[in-house]
Amino acid sequence: MTEPLRCFEDFSPGETIDLGSRRVGRDEILAFAERYDPQPMHLDEAAGRASMLGGLSASGWHTVGLFMRLLCDNLLLKSRSLGSPGIERLRWLKPVYPDDLLSARAEVTGTRASRSRPGIGIVGFRFALLNGAGEPVMTMENAIM
């Protein structure tokens, strides 16, 4: 039996939602960088060590993609999500290194009915992506309809 999809009414301000975890591999860091963000610190161990990042690290955009997968698998695809009007704030706080175990969580910051589209609710979120030490590597704030 499948779970019913979450609706606007099912979200409460202050609620925290676990979005799961996944390990990031060296090969996927390199593959993403080669295709989308070919900066040296994302492609080469020595260049990464010589950079302010201290080692080969995932592109920030790859980090967002990893987060998005966790968000989809553990919230969006289990809800009646209609998309987002955009990201209000995105911060990369620490590098993501090969073999890091990343976990994500969502905090509901508020809920409101849409003023321009009756029948649509908007849920505000503060998201965090954490490394294995529990340190935030990325935070993001945005609303989802």
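One structure accompanies this document, and this report is about it. (Residues numbered from 1 in each chain as written. Predicted model: local features only at pLDDT ≥ 70, side-chain atom pairs only at ≥ 80, totals over all residues. Heavy atoms only, no water.)

### Comments concerning the overall build of the protein
To keep it simple, the criterion reads: Each helix corresponds to a stretch of at least 4 residues labelled H or I by DSSP, and each strand to a stretch of at least 2 residues labelled E; elements are numbered beginning at the N terminus. Only protein chains enter the calculation, and the probe is 1.4 Å; a residue is then buried if its accessible area is under 20% of its type maximum, exposed if over 50%, and partly exposed in between.
Per the secondary structure count, the protein includes four helices and five strands. What you see in the protein, going N to C, is helices and strands ordered as β-α-α-α-α-β-β-β-β. On the principal axes, the C-alpha backbone points of the protein span a range of 55 × 35 × 25 Å. Counting over 145 residues, the protein shows a buried share of 37%.

### A few points about the nonpolar core
Rules: Buried Ala, Val, Leu, Ile, Met, Phe, Trp, Tyr and Cys residues form a nonpolar core when they are joined through side-chain atoms within 4.5 Å. Contacts were defined at the residue level, with two residues in contact if any of their heavy atoms lie within 4.5 Å.
Core analysis: the largest hydrophobic core is formed by 29 residues, its most contacted members being I17, L19, F67, F125, F127 and L129. Going through the elements one at a time, β1 (16-23), α1 (26-36), α4 (60-74), β3 (101-113), β4 (121-130) and β5 (136-144) are the ones with two or more residues in this core. In terms of residue count, the dominant contributor to this core is α4 (six residues). Beyond its immediate chain neighbours, meaning those up to four positions away, F125 contacts F11, I17, L75, A106, E107, V108, T109, M140, E141, N142 and I144.

### Description of α1
Test applied: Relevant arc is that of directions from the helix axis to the C-beta atoms, nothing else.
Along α1, the positions that sit buried rather than exposed are I29, L30, F32 and A33. Each buried residue of α1 sits inside an arc of 165 degrees when the element is viewed along its axis, so together they form one side. What points out from α1, more than 90 degrees from its buried face, is the exposed set D27, E34 and R35. Among the structural elements, α2 (40-43) and α4 are those in contact with the buried residues of α1.

### Notes on the packing of aromatic side chains
Worth spelling out the cut-off: Between the rings of Phe, Tyr and Trp (Trp by its six-membered ring), a pair exists once the centres lie within 6.5 Å; its type follows the angle of the planes, with under 30 degrees stacked, over 60 edge-to-face, and the other angles tilted.
Evaluation of the coordinates by the stated rule reveals five aromatic pairs. Here the aromatic rings of F32 and Y36 are separated by 5.0 Å at their centres, their planes lie at 45 degrees, and the arrangement is tilted. One end of the pair is F32 and the other is Y36, both in helix α1 and four residues apart, which spans about a single turn. Clustering of aromatic rings is evident, with ring pairs tying together F11, F67, F125 and F127.

### Quick notes on the pattern of salt bridges
Which entries qualify depends on this criterion: What makes a salt bridge here is a side-chain nitrogen of Lys or Arg within 4 Å of a carboxyl oxygen of Asp or Glu, nothing more.
Within the structure shown, the criterion is met by seven salt bridges. The closest approach of N and O atoms between E15 and R6, which form a salt bridge, is 2.8 Å. Here E141 ties to R126 by a salt bridge, and the two come within 3.8 Å at their closest N and O atoms. Here E141, found in strand β5, pairs with R126, found in strand β4; they are 15 residues apart in sequence, far enough to count as distant. The class of E141 is partly exposed, set by a relative accessible area of 28%. In this structure, a network of salt bridges that share partners links the residues E107, R126 and E141.

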